[in-house]
Amino acid sequence: MIIPLLVTGLLGSFHCVGMCGGFALALGRPGRPPWRQVLVQALFLLGKACTYVLLGGLVGLGGAALVRTPGFTAAQTVLAVVACVLMALVGLQILGVLKDLPLGSLFGPESLYGRAVAAVTQARHPAAPFVFGVLTGFLPCPLVYAFLAAALQTGSVLPAMGTMAILGLASMPALVLVAVAGAKIGPAARKRVIRVAGVVVIILGIITVLR
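Let me sum up the structure you'll find in this document. (Residues numbered from 1 in each chain as written. Predicted model: local features only at pLDDT ≥ 70, side-chain atom pairs only at ≥ 80, totals over all residues. Heavy atoms only, no water.)

## Some details on the side chain of Thr 51
Working step 1: Position of Thr 51 among the secondary structure elements: in helix α2 (residues 34-67).
Working step 2: If we ignore the near neighbours within four places in the chain, the residues touching Thr 51 are Gly 133, Val 134, Gly 137 and Phe 138. (Helix = DSSP H or I, 4+ residues; strand = E, 2+ residues; numbered from the N terminus. Contact = heavy atoms within 4.5 Å.)

Listed below in structure tokens is the structure:
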């Protein structure tokens with residue numbers, strides 16, 4: 001299932017642009033040298049990926065316990081279907097058919113999470129972009145849930161962490177593109193690319209379910 005996950009992560013990263021693209025742009029500072037801009041974005045993406053891998057490790061512990069249960073094979077099938085359904089939901093969100101998950105009181109501006117994000121974005125410490133990425137990785141997202149379901153069904157810690165590392169790496173290109181290109185990409189071109197990505201993610205989810 002590595003290839004479907006990798007393709008889903010790459011195409012699903014357009015959904016990441018909607019949720020996290022603003023964060024990547026917010027890290028840009030006028031007058032900052034190019035090497036510094038690259039370093040800041042790299043730290044942000046690394047922090048986000050670290051959160052995914054950490055979540056994968058925690059889920060992998062649950063999967064390791066699940067392996068010892070009599071119904072593990074059936075549970076693997078259910079989790080695979082759940083992951084694929086969530087993949088299709090991500091595609092529908094990319095297309096704009098479904099709305100993004102509401103952040104709610106736990107992730108709103110007045111929440112503890114929101115205040116922590118605001119404090120980090122205003123900090124000038126060299127580690128601030130990394131911490132910002134770590135916090136961003138905890139945002140509710142069907143794409144993350146799909147990968148977590150896939151990670152859980154591996155039944156082991158390291159494979160689960162590897163599954164989430166795929167998401168961390170695959171979600172980077174689109175956010176890098178946003179950070180580099182900013183508003184230079186025309187809205188019409190963005191819309192066409194996003195539509196294609198959404199359709200492909202839906203098809204991939206359906207095909208994987210059928211398999």
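More follows now that the structure is in view.
## Looking at the packing of α2 against helix α7 (residues 142-152)
Working step 1: Running from N to C, α2 and α7 point in directions that differ by 40 degrees, and their axes come no closer than 8 Å. By the angle between their directions, the pair α2 and α7 is classed as oblique. Crossing geometry of α2 relative to α7 is assigned as right-handed. Of the residues in α7, those in contact with Tyr 52, Leu 55, Gly 56, Val 59, Gly 62 and Gly 63 of α2 are Val 144, Leu 148, Ala 151 and Leu 152.
Working step 2: Along the lines of polarity and charge, the residues of the contact of α2 with α7 split into seven nonpolar, three polar and no charged. (Axes fitted to C-alpha atoms, helices over the stretch in contact; angles between N-to-C directions. Parallel < 35°, antiparallel > 145°, perpendicular 65-115°, else oblique. Left-handed = near helix turned anticlockwise from the far one by under 90°. Nonpolar A, V, L, I, M, F, W, Y, C, P; charged D, E, K, R; others polar.)

## Some details on the nonpolar core
Working step 1: Judged by nonpolar contacts, the single largest core of 18 residues is most densely connected at Leu 143, Val 144, Phe 147, Leu 148, Met 164 and Leu 167.
Working step 2: Every element with two or more residues in this core is listed here: α2, α3 (72-95), α7 and α8 (157-170).
Working step 3: Here the element with the most residues in this core is α7; it accounts for seven residues.
Working step 4: Formed by twelve residues, the second largest nonpolar core is a distinct cluster that contains Leu 27, Tyr 113, Leu 135 and Leu 175. (Core = buried A, V, L, I, M, F, W, Y, C linked by side-chain atoms within 4.5 Å. Buried < 20%, exposed > 50% of the residue type's maximum accessible area, 1.4 Å probe, protein only.)

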